[in-house]
Amino acid sequence: MFHWLEKNPFFFTVVFLLVFSIAGLVEILPDFAKASRPTENLKPYTLLETAGRQIYIAESCNACHSQLVRPFKAETDRYGAYSLSGEYAYDRPFLWGSKRTGPDLHRVGDYRTTDWHEEHMLNPEAVIPGSIMPAYAHLYKKNIDVDTAYAEAYTQKVVFAVPYDTENNPKLGDLEAARAEILAEAKILAEDMKDPEVKAALDRGEIKQIVALIAYLNSLGQKRRAN
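Right, let's walk through the structure included here. (Residues numbered from 1 in each chain as written. Predicted model: local features only at pLDDT ≥ 70, side-chain atom pairs only at ≥ 80, totals over all residues. Heavy atoms only, no water.)

Comments concerning the overall build of the chain
Now for step 1: Each helix and strand in the chain was counted, giving 10 helices and zero strands.
Now for step 2: Reading the secondary structure of the chain in the N-to-C direction produces α-α-α-α-α-α-α-α-α-α.
Now for step 3: The 227 residues of the chain split such that 37% are buried.
Now for step 4: Sequence separation of at least 24 residues holds for 72% of the intrachain contacts in the chain that already meet a minimum separation of 6.
Now for step 5: Of the roughly 13400 Å² of accessible surface on the chain, 61% is carried by carbon and sulfur atoms. (Helix = DSSP H or I, 4+ residues; strand = E, 2+ residues; numbered from the N terminus. Buried < 20%, exposed > 50% of the residue type's maximum accessible area, 1.4 Å probe, protein only. Contact = heavy atoms within 4.5 Å. Areas by Shrake-Rupley, 256 points an atom, 1.4 Å probe, with all protein chains shown as cover.)

Pasting the structure below:
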């Protein structure tokens, strides 16, 4: 057989590539699967953070901001520790991005605060002179869609085995319990906000989109890992 292959370069090349590919898969796939497992103590997004992530996507924030710190000194000096594949284990879809009109946000929760985001989203240039980011005043007026956030998290739990409703991880429960949980989380976050209308809305049981978006931004980085 081998003698025949040596005299037929085309078939020899095909067999070589086939064997090489199988060997490569056997060597690479186990390490890739291991690296893609959730990093230690990584938590799924809470319902409020899930709602904020949906707003982040709807507003196309990922068109100008990446969420991937590459392993280069210039990147880690500016944005923090480089990204690990296991940190994205619960991200569907991934929001790595390929363009940076604004800074990378994968570690933004480690160095920005709730009140900073509140002022920045309302008037970016007042916080960062020369900023070309548009204002997002409409997020202070629109309410989040709790049902859609719950459906997203529930789908992640059932279809992708994301560990909701387990020890030390966010709770889902039924929809009514989820409504109470997300409102309580929003009220805690809003304690660090200044906008009176946002606070008044929470007293009425309404959660403005800005609250959820800030919750999501606060979750990005090491803070998403339990101590």
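Quick look at the pattern of salt bridges
Now for step 1: Taken as a whole and assessed by the stated rule, the structure comprises 12 salt bridges.
Now for step 2: Two residues, Arg100 and Asp104, come together in a salt bridge whose shortest N-O distance is 3.4 Å.
Now for step 3: We classify Arg100 as partly exposed; its relative accessible area is 28%.
Now for step 4: Residue Arg204 is joined to Glu206 by a salt bridge in which the shortest nitrogen-to-oxygen separation is 3.1 Å.
Now for step 5: Since its relative accessible area comes to 27%, Glu206 is described here as partly exposed.
Now for step 6: Connected via shared salt-bridge partners are Arg70, Glu75, Arg100 and Asp104. (Salt bridge = Lys/Arg side-chain N within 4 Å of Asp/Glu carboxyl O.)

Some thoughts on helix H5 (residues 114-122)
Now for step 1: Every buried residue of H5 is listed here: Thr114, Trp116, His117, Glu118, His120 and Met121.
Now for step 2: Contacts made by the buried residues of H5 are with helix H6 (124-127), helix H8 (175-190) and helix H10 (209-219).

Some remarks on a nonpolar patch on the surface
Now for step 1: A surface patch of nonpolar side chains, about 390 Å² in accessible area, is lined by Tyr154, Val158, Val159 and Phe160.
Now for step 2: Mapped onto the fold, Tyr154 is located in helix H7 (residues 146-160). (Patch = residues over 30% accessible without salt bridge, like charges linked within 9 Å, V, L, I, M, F, W, Y side chains within 5 Å.)

Focus: the state of the cysteines
Now for step 1: Enumeration according to the criterion identifies zero disulfides in this entry.
Now for step 2: As a non-bridged cysteine, Cys61 has Cys64 as the owner of its nearest cysteine sulfur, 8.4 Å distant.
Now for step 3: On the basis of relative accessible area, Cys61 is assigned to the buried category, the value being 12%. (Disulfide = S-S within 2.5 Å.)

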